[in-house]
Amino acid sequence: MPSVDYALLNRQLEALLDTRDWLTNSAQTSAFLMQALSDLNWVGFYLQRERDVLHLGPFQGKPACHPIPFEKGVCGAAARTQTTQRIDDVHAVADHIACDAASNSELVVPIVVDGALWGVLDIDSPRTARFSQEDQAGIEALVATFIARTALERPAFD
Ligand code: SME
């Protein structure tokens, strides 16, 4: 497969995100990624709106699992560790949460504000090992643009 021009995608995403609003920007970002990247079946945001629990946010794809506690699944691992999870074969992950049976590989990028986990971007593919290290770096750069362009507040609980 030809490699993706992530620098171009980054400029396009910057142009698309012309508000600071998190809801608009996360909806636009998930729709943009679904259009721009090949072989995806689900792209979306999960937000930490309750302590150590991810709530489903704007997404593209089939209706998905909600809520996801931090201790479960690939999204939970990204939230707990605040590190990107790049999974070649989700069926090899014992506690993978199968929302859509079509998913075979997955990339989950944490979104951290002032050291606190705001949420994660979850991307699923029907193709095993869909995401290379280059894809991971490119998508992390797109998430950095989303963070820079959006007024994200540290999650507030209680
Ligand atoms: N597969 C994810 C759950 C979210 S959905 O795929 C949309 C996980 O194991 O965290």
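Here, every reference points to the structure presented above.
The structure displayed is predicted, hence computed values, not measured ones.

What about the site of the ligand?
In the vicinity of the ligand, 13 residues are found, and the nearest of them are V74, C75, I97, C99 and D124. I97 is positioned with one of its backbone polar atoms (N or O) 2.9 Å from a nitrogen atom of the ligand. Here an oxygen atom of the ligand sits 2.8 Å away from a polar atom, N or O, in the side chain of D124. Isolated, the ligand exposes 300 Å² of accessible area, and the fraction of that covered by the protein chains is 99%. More than half of the atoms of the ligand fall within 2 Å of the grid points belonging to the largest cavity. Elements with a contribution of two residues or more to the shell around the ligand: β1 (42-50), α3 (73-81) and β6 (116-125). No other element matches α3, which puts three residues into the shell around the ligand. When its residues are assigned to classes, the shell around the ligand shows eight nonpolar, two polar and three charged.

Quick notes on the packing of helix α1 (residues 6-16) against helix α2 (residues 22-36)
Contact pair α1 / α2: the axes reach a minimum separation of 11 Å and the direction vectors enclose 150 degrees. When the axes of α1 and α2 are compared, the crossing they make is right-handed. Seen from α1, the contacting residues are L9, Q12, L13 and L16; seen from α2, they are Q28, T29, F32 and A36. Looking at the contact of α1 with α2 residue by residue, the classes come out as five nonpolar, three polar and no charged.

Quick notes on the rules
Residue positions within a chain follow its written sequence, with the count starting from 1. For this predicted model, a pLDDT threshold of at least 70 governs which residues receive local features, and a threshold of 80 or more governs which side-chain atom pairs are given and counted, while totals over whole chains, interfaces and linings are taken from all residues. For the side-chain quantities, the full set of heavy atoms in the structure was used; hydrogens and water were omitted. Any residue with a heavy atom positioned within 4 Å of a molecule or strand is treated as near that molecule or strand. As used in this structure description, the phrase polar contact means that two N or O atoms lie within 3.5 Å; if the pair is within protein, one of them must be able to donate a hydrogen and the other to accept it, and residues adjacent in sequence are counted only when both atoms belong to side chains. Here the Shrake-Rupley method, with its probe set to 1.4 Å, supplies the accessible areas, and only the displayed protein chains count as covering residues. Note on definitions: the grid is 1 Å and covers protein atoms alone; a cavity is a set of points where a 1.4 Å probe fits but cannot get out; a pocket is an open set with protein on both sides within 12 Å along at least five of seven lines; lining residues have an atom within 4 Å of a point. What decides whether a molecule sits in a cavity or pocket is whether more than half of its atoms lie within 2 Å of the grid points. Helix and strand labels come from DSSP, where a helix needs a run of H or I of at least four residues and a strand needs a run of E of at least two; each type is numbered from the N terminus. Only Asp, Glu, Lys and Arg are considered charged, only Ala, Val, Leu, Ile, Met, Phe, Trp, Tyr, Cys and Pro nonpolar, and every remaining residue, Gly among them, polar. Angles shown run from 0 to 180 degrees and are taken between the N-to-C directions of axes, each axis being a line fitted to C-alpha atoms and, for helices, limited to the stretch in contact. What makes a crossing left-handed is the near helix being turned counterclockwise from the far one by less than a right angle; a clockwise turn instead makes it right-handed. Residues count as neighbours in contact if any of their non-hydrogen atoms are within 4.5 Å of one another.

Keep in mind these numbers describe shape, not what the thing actually does.
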